[in-house]
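Coordinate inspection notes
Below, each chain spelled out in residue letters.
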Amino acid sequence: MSTDVTAPNPAPAPPGGSGKAGADGLARLMLDGLRRNMRQYGMLIALGVIVALFAVWTSGDLLLPRNVSNLVLQNSYILILAIGMMIVIIAGHIDLSVGSITAFVGGVAAVLMVEHDIPWPLAVLLCLAIGAAAGAAQGFLIAYAGMPSFIVTLAGMLVFRGLTEVFLKGQTLGPFPEGLQKVANGFLPEVGPDTNYHNLTLLLGLVLVAAVIWQEVRDRRRQQEYSLEVPPAKLFAVKLAALTAAVLVFTLLLASYKGAPVVLLILAALLVGFGYLMRNAVVGRHVYAIGGNLPAAKLSGVKDKKVTFLVFLNMGMLAALAGLVFAARFNAASPKAGLNFELEAIAASFIGGASMSGGVGTVLGAIIGGLVLGVLNNGMNLVGIGTDWQQVIKGLVLLAAVGFDVWNKRKVGS
């Protein structure tokens, strides 16, 4: 007697497939994730490509430890301004006066410390208060008097540039106290045994890696809790690996020279503080609200005038900090200091993902945009490109960033 035997059903194929099929599936998954998160990853990828391009073009000189340290020091004041400018643009405004306020505060600092021998810590506090007052005056006219930010800050650009000439009497004034110079040009002290690396910088780098991973995982879980779209797990893992590698390489480069510059810690504190403020604090959400849809924000009870006032007060204080760092770095205050700084900060913000219509952007994006400009400047100087062509290239990069923003909006809208 014979029986019919039915062949068992084949086992289901593993989700990722095997061999070439699995690799193709992962590639498609990553491409889909990149398309959905193009705004978030676009400038990071662009920064990596620019760094790789100039690293090859300069035969590795771009990534020499000394050059990396100089890159941080040379762009510190622009990055400080870019953080404040990004917040201003998110709120739907613009500030053309920051370069002049930078020069004005540097001049006031020189008069206080050089001519009147005021201790530099006290002079720094006074200068930050002056910058905050300058920003508050402009913020009052914009928020409560209803004047356009473009006109108010354009007038401020002229006023503070003229006041700089008045305070400095058309002359360069210096030098600054050694303590303030160390803030702008100094490095963290050496501690621990001799390891051929700067131990404190290595420790800070490891702490930063742990903090980055914790923050990314935490943000992903929170987005999942609110049923928001998150990148695929494999793409998220690739992102974490790339961030970790970038931080470790940057840390090793700094640690193999003199260690982390003091001003880098200031930038890190600003990035963490304002990043948290814009992501988690009520006032940060209100800034996004008034920039994204002002009528809706008003109907929701957002005090738009107060928020706008605070945004410009903050911008003035950050401009004052940038002025102090700039003056201390060059050990002198000059009437011509800060020229075109406002344009650099605005360009960094738009390259970093800000939108002309407001309501879009991140503090980290401002830092990335500033680094893109800084690497471009540094790389083009190393390969001997003239300043004329440098301006052309930076203008094209800015145009490409804004064009990408317009294209991305149309794609999302369609």
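Being a predicted model, the structure only gives us computed values, none of them experimental.

This paragraph deals with the packing of helix H3 (residues 65-90) against helix H15 (residues 363-382). Axis separation between H3 and H15 bottoms out at 8 Å; the angle between their running directions is 140°. Here H15 runs oblique to H3, going by the angle between their axes. Note on packing geometry: the crossing formed by H3 with H15 is right-handed. Contacts from Asn67, Leu71, Gln74, Asn75, Leu79, Ala82, Ile83 and Met86 in H3 reach Val363, Gly365, Ala366, Ile367, Gly370, Leu371, Gly374, Val375, Asn378 and Leu382 in H15.

Of note, the bond from Gly174 into Pro175 is cis; its omega dihedral lies within 30 degrees of zero at -5°. Summarising the element assignment, Pro175 is placed in the loop between helix H6 (149-168) and helix H7 (178-185). Of note in the backbone geometry, Asn331 takes a positive phi value of approximately 60° without being a glycine. By the secondary structure assignment, Asn331 is in the loop between helix H13 (304-330) and helix H14 (341-351).

Looking now at a nonpolar patch on the surface. Taken together, the side chains of Phe140, Leu141, Tyr144 and Met147 make up a nonpolar region of the molecular surface, amounting to roughly 370 Å² of accessible area. Locating Leu141 in the fold gives a position in helix H5 (residues 120-143). Residue Leu141 is classed as partly exposed on the basis of its relative accessible area, which comes to 34%.

Structurally, Met147 can be placed in the loop between H5 and H6. By relative accessible area, which is 37% here, Met147 ends up partly exposed. With residues up to four places along the chain from it excluded, the contact list for Met147 reads Leu141, Ile142 and Val152.

A full pass over the atoms with the stated rule returns ten aromatic pairs. On the numbers, 6.1 Å between centres and 85° between planes, the contact of Phe187 with Tyr257 is edge-to-face. Of this pair, Phe187 sits in the loop between H7 and helix H8 (199-225) while Tyr257 sits in the loop between helix H9 (233-255) and helix H10 (262-280), and the two are 70 residues apart along the sequence. Residue classification places Phe187 among the partly exposed positions, given a relative accessible area of 23%.

Quick look at the pattern of salt bridges now. This model, assessed by the stated rule, comprises four salt bridges. Glu165 is paired through a salt bridge with Lys336; the nearest N and O atoms lie 4.0 Å apart. With a gap of 171 residues between them, Glu165 in helix H6 and Lys336 in the loop between H13 and H14 connect regions that are remote in the sequence. Overall, Glu165 belongs to the partly exposed group, its relative accessible area being 30%. We note a salt bridge from Lys394 to Glu344, for which the minimum N-O separation is 3.3 Å. Of this pair, Lys394 sits in helix H16 (residues 387-413) while Glu344 sits in helix H14; the two residues are 50 residues apart in sequence, bridging distant segments of the chain.

The next thing to look at is empty space enclosed by the protein. Tallied over the entire structure, the rule returns two cavities of 30 Å³ or more. As for the second largest cavity, its lining consists of Thr102, Ala103, Gly106, Gly107, Leu168, Gly323, Phe326, Ala327, Ala333, Ser334 and Ala337. Considering each element in turn, the lining of the second largest cavity owes the most residues, four residues, to helix H4 (residues 98-115). A class-by-class count of the residues in the lining of the second largest cavity yields six nonpolar, five polar and no charged.

This part is about H6. With 20 residues, H6 extends 28 Å between its outermost C-alpha atoms, agreeing within 8% with the 28 Å of an ideal straight helix rising 1.5 Å per residue. Considered for burial, the residues of H6 that qualify are Ser149, Val152, Thr153, Gly156, Phe160, Arg161, Thr164 and Leu168. The buried residues of H6 occupy one face: seen down the axis, they fall within an arc of 160°. Relative to its buried face, H6 has exposed residues pointing more than 90 degrees away, namely Leu158 and Val166. In this structure, the buried residues of H6 make contact with H4, H5 and H13.

We now examine the confidence of the model for the protein chain. On average, the protein chain scores 87 in pLDDT, and the residues at 70 or more come to 89%. Confidence scores differ between elements of the protein chain, with helix H1 (residues 19-36) showing the lowest mean pLDDT of 56 and H5 the highest of 97. Across residues 1-18, where pLDDT falls below 50, the model places three contacts with residues more than four positions away in sequence or in other chains.

For His198, the location among the structural elements is in the loop between H7 and H8. The class for His198 is buried, based on a relative accessible area of 0%. From its side chain, His198 meets the backbone oxygen of Pro189 in a polar contact 3.1 Å long.

Counting 97 residues, the largest nonpolar core has Ile80, Leu81, Phe176 and Val287 as its most contacted members. The element best represented in this core is H3, accounting for 17 residues. Those residues in contact with Ile80 that lie beyond four places of it in its chain are Leu267, Leu270, Leu318, Leu321, Ala322 and Val325.

Quick look at the packing of H4 against H13 now. Relative to each other, H4 and H13 sit at 55°, their axes nearing to 7 Å. Regarding the angle of H4 to H13, the classification is oblique. Along this stretch, H4 crosses H13, giving a crossing that reads as right-handed. Residues Val98, Ile101, Thr102, Val105, Gly106 and Ala109 of H4 form the contact with H13, whose participating residues are Met315, Gly316, Ala319, Ala320, Ala322, Gly323, Leu324 and Ala327. Its residues assigned to classes, the contact of H4 with H13 comprises ten nonpolar, four polar and no charged.

Another point: the layout of surface pockets. One number sums up the size of the second largest pocket: a volume of about 440 Å³. If you go around the second largest pocket, you meet 19 residues; those closest to its centre are Gln74, Asn75, Tyr77, Phe341 and Asn377. Of all the elements in the fold, those that place two or more residues in the lining of the second largest pocket are H3, H13, H14, H15 and H16. No other element matches H15, which puts six residues into the lining of the second largest pocket. Here the residues of the lining of the second largest pocket sort into seven nonpolar, nine polar and three charged.

What counts, and at which threshold
- Residues numbered from 1 in each chain as written.
- Predicted model: local features only at pLDDT ≥ 70, side-chain atom pairs only at ≥ 80, totals over all residues.
- Heavy atoms only, no water.
- Axes fitted to C-alpha atoms, helices over the stretch in contact; angles between N-to-C directions.
- Helix = DSSP H or I, 4+ residues; strand = E, 2+ residues; numbered from the N terminus.
- Parallel < 35°, antiparallel > 145°, perpendicular 65-115°, else oblique.
- Left-handed = near helix turned anticlockwise from the far one by under 90°.
- Contact = heavy atoms within 4.5 Å.
- Patch = residues over 30% accessible without salt bridge, like charges linked within 9 Å, V, L, I, M, F, W, Y side chains within 5 Å.
- Areas by Shrake-Rupley, 256 points an atom, 1.4 Å probe, with all protein chains shown as cover.
- Salt bridge = Lys/Arg side-chain N within 4 Å of Asp/Glu carboxyl O.
- Buried < 20%, exposed > 50% of the residue type's maximum accessible area, 1.4 Å probe, protein only.
- Phe/Tyr/Trp six-rings, centres within 6.5 Å; stacked < 30°, edge-to-face > 60°.
- 1 Å grid on protein atoms, 1.4 Å probe; cavity = no way out; pocket = protein on both sides within 12 Å on 5 of 7 lines; lining within 4 Å.
- Points joined across faces, edges and corners; volume = space filled by probe spheres on them.
- Nonpolar A, V, L, I, M, F, W, Y, C, P; charged D, E, K, R; others polar.
- Expected span 1.5 Å × (residues − 1).
- Arc of directions from axis to C-beta.
- pLDDT = per-residue confidence, 0-100.
- Polar contact = N/O pair within 3.5 Å; in protein donor to acceptor, adjacent residues only side chain to side chain.
- Core = buried A, V, L, I, M, F, W, Y, C linked by side-chain atoms within 4.5 Å.

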